[in-house]
Amino acid sequence: MDWHAICREADSLAQQFAQQGLDANECVKLGKLYAAHGYSDEWVAKYLQLMASDPPPRSRKTAPQYFRMRMIWHNWRTPLKGREKGIAWGWAARKYGGPR
């Protein structure tokens, strides 16, 4: 594992989460889903698209959160793959911790 690259990516993502005012719990949830679905970038892209455009009724108020997460995920240009990418996302969410 390239821990230095993971930490750099996590720092960058945490800043983006803060700039977008994301809910840290939603970011953590996405990281867990990414791992649970075999670190599939395609699955995450489809999930975020669906949640941003047509969320379940209980999640309608979080649709903007998913839209902003989708933009971050889509624009995330990282050399990390799979588990390392998931670790970076999860660390970023924990480091960010939510709006202050």
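Residues numbered from 1 in each chain as written. Predicted model: local features only at pLDDT ≥ 70, side-chain atom pairs only at ≥ 80, totals over all residues. Heavy atoms only, no water.

A. Here's a closer look at unusual backbone geometry. Phi angles above zero are rare outside glycine, and Tyr39 is one such case at about 55 degrees. Tracing the backbone shows Tyr39 in the loop between helix H2 (24-36) and helix H3 (41-53). (Helix = DSSP H or I, 4+ residues; strand = E, 2+ residues; numbered from the N terminus.)

B. Spatial organisation of helix H5 (residues 82-96). Its 15 residues give H5 an end-to-end C-alpha distance of 21 Å, which sits within 8% of 21 Å, the value for a rise of 1.5 Å per residue. Among the residues of H5, those classed as buried are Lys85, Gly86, Ile87, Ala88, Trp89, Gly90, Ala92, Ala93 and Tyr96. Residues of H5 that are buried make contact with helix H1 (3-20), H2, H3 and helix H4 (63-75). Residue Gly97 follows H5 closely and has a positive phi angle near 75 degrees. (Expected span 1.5 Å × (residues − 1). Buried < 20%, exposed > 50% of the residue type's maximum accessible area, 1.4 Å probe, protein only. Contact = heavy atoms within 4.5 Å.)

C. Layout of a nonpolar patch on the surface. Taken together, the side chains of Met1, Trp3 and Trp91 present a nonpolar region at the surface, about 330 Å² in accessible area. Checked against the element boundaries, Trp3 lands in helix H1. (Patch = residues over 30% accessible without salt bridge, like charges linked within 9 Å, V, L, I, M, F, W, Y side chains within 5 Å. Areas by Shrake-Rupley, 256 points an atom, 1.4 Å probe, with all protein chains shown as cover. Salt bridge = Lys/Arg side-chain N within 4 Å of Asp/Glu carboxyl O.)

D. Structural detail: the nonpolar core. Ranked by size, the top nonpolar core spans 29 residues in total, and within it Phe17, Leu30, Leu48, Met69, Trp73 and Trp89 carry the most contacts. Looking at this core, the elements with two or more residues in it are H1, H2, H3, H4 and H5. Leaving out residues up to four positions away in the same chain, Trp73 has contacts with Leu30, Tyr34, Asp41, Val44, Leu48, Lys85 and Trp89. (Core = buried A, V, L, I, M, F, W, Y, C linked by side-chain atoms within 4.5 Å.)

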